[in-house]
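# Examining the three-dimensional arrangement
Here is what each chain is made of, one letter per residue.
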Amino acid sequence: MIGDATLGMIPGDRIISLTLQSVDALHAGLSGLGLRWLSKPEQTRLATMTALRRRAQFIAGHWLARQCLAARAGGHWQDYVLSAPDDAAPRILAMPERMDFGDWHFSLSHSADWLACAVARQPVGVDVERCDRARDFPALIEWLHEPSALPRWSGKTPQEQQSWFYAQWTLKEAWLKQAGPDRPPMRSIRFTPCDDARSVAMVGQNQTLTLAVYPATAATLQWEKTSPQQFDWTCWSHTHNPQPTPAIPGMLLKK
């Protein structure tokens, strides 16, 4: 069970703190704060965004990251300074005094009105996707996996195909976010369901969302503010099979 009493038996440096909140709820908490709390890199990045929804996601996400870091690592959220690169995940640039920001990591993900944030003492990746929309799953799965995976895909029902695709996609996205710039291609990582003993990642699914965290196990994943019972959780392991990754098919993955 995710977030149960066994967490007290897990060393603190292995705990992954996970939060899921809506953009609207976060903006309600931001009322009256303005935007001066954003770092210069964040303000520069925000200035390039013209879509109102993307701006709202960005502001809410970077405020959520500060809130989660302060709750887990300590200090005040205003003391955290974050980066905002346009081609990489955001990083901690500064933390409250007497704290070593090299010891802390976070990951952000957004999909529609939802934002997820994971905080850990090790590199961590989180990805959330709405899974209630129709997409060209055959085209996506050919891009996402090597040809040997296609027979397993074609043998599933439409509902199973949808669930399996979103689990695979969010797992690979979460893995990419924590792997850093020297990572192997996404297509080379194959995830398979497993038992708790072999788990390296967790996937939670319900009728609307799929959420993946890497690395994580049922014992190390700790929910903050959101009940884990809202999701059905599975454990996953992975193998590395080097394969070239073809170009992504158009706008198929637009959130």
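This section reports on the structure supplied with the text. All values derive from a computational prediction rather than experimental measurement. (Residues numbered from 1 in each chain as written. Predicted model: local features only at pLDDT ≥ 70, side-chain atom pairs only at ≥ 80, totals over all residues. Heavy atoms only, no water.)

## Quick look at the overall build of the protein chain
Counting its secondary structure elements, the protein chain contains six helices and 11 strands. Out of the 255 residues belonging to the protein chain, those deemed buried represent 48%. Relative to all contacts within the protein chain whose residues are 6 or more apart in sequence, the contacts with residues 24 or more apart total 66%. For the protein chain, the accessible area works out to roughly 12,500 Å², and carbon and sulfur atoms hold 54% of it. (Helix = DSSP H or I, 4+ residues; strand = E, 2+ residues; numbered from the N terminus. Buried < 20%, exposed > 50% of the residue type's maximum accessible area, 1.4 Å probe, protein only. Contact = heavy atoms within 4.5 Å. Areas by Shrake-Rupley, 256 points an atom, 1.4 Å probe, with all protein chains shown as cover.)

## Some details on the layout of surface pockets
Size it by volume and the second largest pocket reaches roughly 210 Å³. Along the walls of the second largest pocket sit Cys131, Gln159, Gln162, Ser163, Tyr166, Gln205, Asn206, Gln207 and Asp232, which together make up its complete lining. Top element by residues in the lining of the second largest pocket is helix H6 (residues 158-179). It accounts for four residues. For the lining of the second largest pocket, the per-class residue count stands at two nonpolar, six polar and one charged. (1 Å grid on protein atoms, 1.4 Å probe; cavity = no way out; pocket = protein on both sides within 12 Å on 5 of 7 lines; lining within 4 Å. Points joined across faces, edges and corners; volume = space filled by probe spheres on them. Nonpolar A, V, L, I, M, F, W, Y, C, P; charged D, E, K, R; others polar.)

## A closer look at the nonpolar core
Counting 29 residues, the largest nonpolar core has Trp37, Leu69, Ile92, Phe106, Cys117 and Val119 as the members making the most contacts within it. Counting only elements with at least two residues in this core, the list comes to helix H1 (23-30), helix H3 (52-73), strand E4 (105-111) and strand E5 (114-120). Looking at which element gives the most residues to this core, the answer is H3, with 10 residues. Among residues more than four places away in sequence, those in contact with valine 119 are Ile15, Ile16, Ser17, Cys68, Leu69, Arg72, Trp104, His105 and Phe106. Within the second largest apolar cluster, 23 residues are counted, among which are Trp164, Phe165, Met186 and Trp236. (Core = buried A, V, L, I, M, F, W, Y, C linked by side-chain atoms within 4.5 Å.)

## Considering the pairing of strand E9 (residues 209-214)
Most of E9 is tucked away: six of the six residues are buried. Neither face of E9 is exposed, since Leu209, Leu211 and Val213 on one face and Thr210, Ala212 and Tyr214 on the opposite face are all buried.

## Description of the packing of aromatic side chains
Taken as a whole, this structure holds seven aromatic pairs when the rule is applied. Aromatic pair tryptophan 37 and tryptophan 77: ring centres 5.8 Å apart, planes at 80 degrees, arrangement edge-to-face. On the criterion of sequence distance, the pair formed by tryptophan 37 in the loop between H1 and helix H2 (40-47) and tryptophan 77 in the loop between H3 and strand E2 (81-82) is long-range, its members being 40 residues apart. Residue classification places tryptophan 37 among the buried residues on the basis of a relative accessible area of 13%. Ring centres 6.2 Å apart and planes at 85 degrees place the aromatic pair phenylalanine 191 and tyrosine 214 in the edge-to-face group. Remark: tyrosine 214 occurs in strand E9 and phenylalanine 191 occurs in strand E7 (residues 189-194); sequence separation between them is 23 residues. A relative accessible area of 2% places phenylalanine 191 in the buried class. One aromatic cluster is present, built from ring pairs that chain together Trp37, Trp63 and Trp77. The ring of tryptophan 104 has arginine 121 lying over it, and the distance from NZ or CZ to the ring centre is 4.3 Å. (Phe/Tyr/Trp six-rings, centres within 6.5 Å; stacked < 30°, edge-to-face > 60°. Lys NZ or Arg CZ within 6 Å of the ring centre and 35° of its normal.)

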